[in-house]
Amino acid sequence: LSGATEHRMYPYALATIAYRAAELGDLETTESRCAQAMAAIERLGAEPDRIAELTVATARGIVARSLGTYDVAVTEFLRAAEIARSVGRLGVAGALLSSASDASTNAGDADAAITIATEGLALARQAGLPTAITLNLTALAGALTDQDPIRAQALLRESRELRATFDYEGWVELHRARSEE
């Protein structure tokens, strides 16, 4: 398409391709599209909602997690959460913090994971986003498994009970939250 590379949403289109590639495990496409999206942001400027930057950081976090480089995953998910928070998308930030917490647990840093999930849970509750709440309850339970198994079980029970009240697909809600916040 003529002029597509100059369209204001071009960076987001590249970032979306990167995100989809990350979900499919296509590491090469993910990184090349992330790099292209960031170059396009440099050239065109970031959107007010910074959605392309958020999507790039999330895609890179997914790749890092899949490669087992959990410290990198934590960094990328925290970066994405900070971007979301900076533009007022508290529910999305909360959901991303659950991913950062899970990666931190996998990296062997339960204390950091507890801190991150606790913050994510507070943001998710503040935003009133049930899926993000359940994600953080589960992340917090995972981080607490060795330190406080009784509390971990209670958190999992709360997550299951909340999830049982859902009458929708959880990820659909998160995607809608991105557009509504």
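In the block above lies the structure referred to throughout.
These figures come from a predicted structure and were not determined experimentally.

**Let's talk about the packing of helix α5 (residues 90-106) against helix α7 (residues 130-144)**
Consideration 1: Where α5 meets α7, the closest approach of the two axes is 9 Å, and the angle between their N-to-C directions is 20°. With respect to α7, the axis of α5 lies roughly parallel. The interaxial crossing formed by α5 with α7 has left-handed handedness. Side by side, α5 and α7 meet where G91, G94, A95, L97, S98, S101, D102 and T105 of the first sit next to A132, L135, N136, A139, G142 and A143 of the second.
Consideration 2: Here the contact of α5 with α7 is composed, by residue class, of six nonpolar, seven polar and one charged.

**Some points on the environment of A84**
Consideration 1: Within the fold, A84 resides in helix α4 (residues 70-86).
Consideration 2: Sequence separation between A84 and R50 is 34 residues; the distance between their C-alpha atoms is 7.9 Å.
Consideration 3: Non-local contacts of A84, meaning those with residues more than four positions away in its chain, are made with L54, R89, V92, A93 and L96.

**A look at the packing of helix α2 (residues 27-44) against helix α3 (residues 51-67)**
Consideration 1: Taken N-terminus to C-terminus, the directions of α2 and α3 make an angle of 155°; their axes are 10 Å apart at the nearest point. As far as their axial angle goes, α3 and α2 are roughly antiparallel. When you trace α2 past α3, the crossing you get is left-handed. In this structure, α2 contributes L27, T30, E31, C34, A35, A37, M38 and I41 to the contact, and α3 contributes A52, E53, V56, A59, R60, V63, S66 and L67.
Consideration 2: Of the residues belonging to the contact of α2 with α3, the class tally is 11 nonpolar, two polar and three charged.

What counts, and where the lines are drawn
Residues numbered from 1 in each chain as written. Predicted model: local features only at pLDDT ≥ 70, side-chain atom pairs only at ≥ 80, totals over all residues. Heavy atoms only, no water. Axes fitted to C-alpha atoms, helices over the stretch in contact; angles between N-to-C directions. Helix = DSSP H or I, 4+ residues; strand = E, 2+ residues; numbered from the N terminus. Parallel < 35°, antiparallel > 145°, perpendicular 65-115°, else oblique. Left-handed = near helix turned anticlockwise from the far one by under 90°. Contact = heavy atoms within 4.5 Å. Nonpolar A, V, L, I, M, F, W, Y, C, P; charged D, E, K, R; others polar.

By themselves these figures say nothing about function.
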